[in-house]
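Given next are the chains, with one letter for each unit.
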There are 2 protein chains.
Amino acid sequence: MTDRFIVGLLGAMAYGELSAFERLSSDARFSPTLQDRAALGRIAVLEFGHFESVSDALIELGEDVESAMLPFQSSVDSFHERTRPADWYESMMKAYVIDSVSADFYQAIAKFLDPATNSLIERIMAADDTSSVLQRRLRSMLDDDPRLASRLALWGRRLVGEALTQVQRISQENGFIPGISTAERQQLLAGLSRNHSRRMSQLGLTA
Amino acid sequence: MTDRFIVGLLGAMAYGELSAFERLSSDARFSPTLQDRAALGRIAVLEFGHFESVSDALIELGEDVESAMLPFQSSVDSFHERTRPADWYESMMKAYVIDSVSADFYQAIAKFLDPATNSLIERIMAADDTSSVLQRRLRSMLDDDPRLASRLALWGRRLVGEALTQVQRISQENGFIPGISTAERQQLLAGLSRNHSRRMSQLGLTA
C-alpha cells in the first residue's frame, strides 16, 4: 500500500463529490415541483459534505486538496459531458446510479486498504440516506408514469457502462489498487455490474 | 401586521435562497481554480441552509412551503434570467450584491415586524460570513487584474438596479409592509441604494 495511491484515491473521490454537488444542484432547477427541487438540493448538499470530509482527510495527510484533485479533473468532467441528463428523470437516475456504483466501488476496495483509510471511507460513506431517498423517488416516478420505464432502463444501462469505464480509467491513471490480482480486479468490476442489475430489477427495470 | 404578509415574506425569502443556491452552485463550475470552486460551493451550501431555516419557520407556522414560495417563483426566475453572469467574475459580484442587498433589506424591514418574525430573520441572517468571504475574494480579484474594475462597476450598477426593482415588485405582489408610509418606503429603498454605493466604493469601484 503506497501513500500515493491513497492520495490519488482521495483526490478522485474529492473531485467526484465536488462535481456531483455542482451537477446535482444545477439539475435541481429542472425539477417538476419545488418540493423535488428542495429534495435534490438536499442531496447535493450531502455530496458537498462528502467533499469536505475527503478534503479534511487530505489536509490531515499534509496534502494539497487542489493538487490531489487535478489529475482526475478531465476524466470526471468528460464523464459528465458524455452523460448529460436530458431531463429531470434522467438526472434522478444518474444521481442514483452514480451514488450507488461509487458506494459499491469504495466498499469493494476497502478490504485492500489499510485500516485507517478503510475507516475513513466508511465514515464518509455512512450515515447518508441519499441512495434510499433517490430509490423511493424513482419508484414513485415510475409508478406515476410507467412509460418512463423503457427510457430509464436504457439510460441506466448507458450510465453504468460509462461509470465502469470511468472506474477503470481512473484506476489506471492512479495505478489500480496495489496488490490486487487481475482476477480480483475482474471480480470487483463484475460485482459492481451485478449489484447495479439487482438495483434496476428492484425498480422494475430491465438491466 | 397580518399573517399573510409574514407568510409571503418568508415564502419570498425561501424561494430566493433556494434559487441562489442553485445559481451559485451551477456557476461554481466556471471558477478559475478548484479552490474557488470549493469556496463558491461552500457559499451555495450556506444559502441552502438559509432555505432550510426559512422552510422550518413556515412549517412551524403550519404553512406549506411550496405554496408559500410559488407566488414569487416567476419574478425571482425572471430576475435571474435578466442578470445572467457572463463569467465567474460576474458571478462573484452578483453573489455579493444580492447577498448584501437582501441582508440590508431584511434588516431594514425588521423594525416593522413583530418580535417573533424579527428574531427569526435575525437568526437566519446572522452567523454567516458569506458577505465578507465574497468581499475579500472580489478585492483580491481586482488587485490581480485592475482592468476588471470598469466592467464590474457597470455590472454592479445593473445588478443593484435590477435588485431594487425586484424588491419593489415582490413587495407589491405581497402588499408592501403593512403600516409603512410612502416616505418610509422611499427612505428604505434609498438606504439600500446608499449602502450598495458604499460597498462598491470600498472595492474601489464607481457605484
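Definitions and limits used
- Residues numbered from 1 in each chain as written.
- Chains lettered and ligands numbered in written order.
- Predicted model: local features only at pLDDT ≥ 70, side-chain atom pairs only at ≥ 80, totals over all residues.
- Heavy atoms only, no water.
- Helix = DSSP H or I, 4+ residues; strand = E, 2+ residues; numbered from the N terminus.
- Rg over C-alpha atoms; globule rule 2.2 N^0.38 Å.
- Contact = heavy atoms within 4.5 Å.
- Areas by Shrake-Rupley, 256 points an atom, 1.4 Å probe, with all protein chains shown as cover.
- Phe/Tyr/Trp six-rings, centres within 6.5 Å; stacked < 30°, edge-to-face > 60°.
- Least-squares fit on C-alpha atoms with pLDDT ≥ 70 in both.
- Axes fitted to C-alpha atoms, helices over the stretch in contact; angles between N-to-C directions.
- Salt bridge = Lys/Arg side-chain N within 4 Å of Asp/Glu carboxyl O.
- Core = buried A, V, L, I, M, F, W, Y, C linked by side-chain atoms within 4.5 Å.
- Buried < 20%, exposed > 50% of the residue type's maximum accessible area, 1.4 Å probe, protein only.
- pLDDT = per-residue confidence, 0-100.
- Buried area = accessible area lost by both parts, 1.4 Å probe.
- Polar contact = N/O pair within 3.5 Å; in protein donor to acceptor, adjacent residues only side chain to side chain.

Re the overall build of chain A
- Scanning chain A from terminus to terminus reveals 8 helices and 0 strands.
- Over its C-alpha trace chain A gives a radius of gyration of 17 Å, about what one expects of a compact globule, namely 17 Å for 207 residues.
- Reported as C-alpha extents along the three principal axes, the dimensions of chain A are approximately 50 × 35 × 30 Å.
- Residue pairs in contact within chain A that sit at least 24 positions apart in sequence constitute 81% of those at least 6 positions apart.
- When the accessible area of chain A is evaluated, it comes to approximately 9300 Å², of which 52% is carbon and sulfur surface.

Some points on the packing of aromatic side chains
- Per the counting criterion, the structure on display carries 9 aromatic pairs over all chains.
- Members of the aromatic cluster, joined through ring pairs, are Phe21, Phe48 and Phe51 of chain A together with Phe21, Phe48 and Phe51 of chain B.

Quick notes on the relation of the copies chain B and chain A
- Of the two same-sequence chains, chain B is brought onto chain A (RMSD 0.0 Å, axial shift 0.0 Å) by a rotation of 180°. Viewed as a symmetry operation, the transformation between the two copies matches a two-fold axis. Among all residues of chain B, the one whose C-alpha sits closest to the rotation axis is Ser26 of chain B, at a distance of 2.5 Å.

A short note on the packing of helix α2 (residues 34–60) of chain B against helix α3 (residues 65–82) of chain B
- The N-to-C vectors of α2 of chain B and α3 of chain B enclose an angle of 115°; their axes lie 9 Å apart at closest approach. Here Phe51, Ser55, Leu58 and Ile59 of chain B of α2 of chain B lie close against α3 of chain B, whose contacting residues are Val65, Ala68 and Met69 of chain B.

A closer look at the pattern of salt bridges
Residue and element names in this part refer to chain A.
- The full count for this structure, using the stated rule, is 22 salt bridges over all chains.
- Note that Arg23 and Glu81 form a salt bridge whose closest N and O atoms lie 3.6 Å from each other. Placement of the pair is Arg23 in helix α1 (residues 3–28) and Glu81 in helix α3 (residues 65–82), with a sequence separation of 58 residues.
- In this structure, Asp145 and Arg147 form a salt bridge, with 3.1 Å as the shortest nitrogen-oxygen distance.
- Salt bridges sharing common partners tie together Arg23, Glu81 and Arg84.

With respect to the nonpolar core
- Met93 and Leu152 of chain A together with Met93 and Leu152 of chain B are the most contacted members of the largest nonpolar core, which totals 131 residues.
- Discounting chain neighbours no more than four positions away, the residues touching Met93 of chain A are Leu138, Leu152, Trp155, Leu159, Met200, Leu203 and Leu205 of chain A.

Remarks on the confidence of the model for chain A
Residues and elements named next belong to chain A.
- Across chain A, the average pLDDT comes to 88, with 95% of residues at or above 70.
- Across chain A, α3 holds the top mean pLDDT of 93, while helix α5 (residues 115–125) sits lowest at 81.
- With pTM at 0.87, the complex prediction returns an ipTM value of 0.83.

Describing the interface of chain B and chain A
- Contact residues are listed per partner, giving 26 residues for chain B and 26 residues for chain A.
- Contact between chain B and chain A buries roughly 2200 Å² in total, counting both sides, with carbon and sulfur atoms accounting for 56%.
- Joining chain B to chain A, the criterion identifies 4 salt bridges.
- Its salt-bridge partner being Glu22 of chain A, residue Arg37 of chain B comes within 2.7 Å of it at the nearest N-O pair.
- Remark: the boundary between chain B and chain A carries 12 residue pairs in polar contact (both at pLDDT 80 or more).
- Contributions of two or more residues to the side of chain B that touches chain A are made by α1 (3–28), α2 and α3 of chain B.

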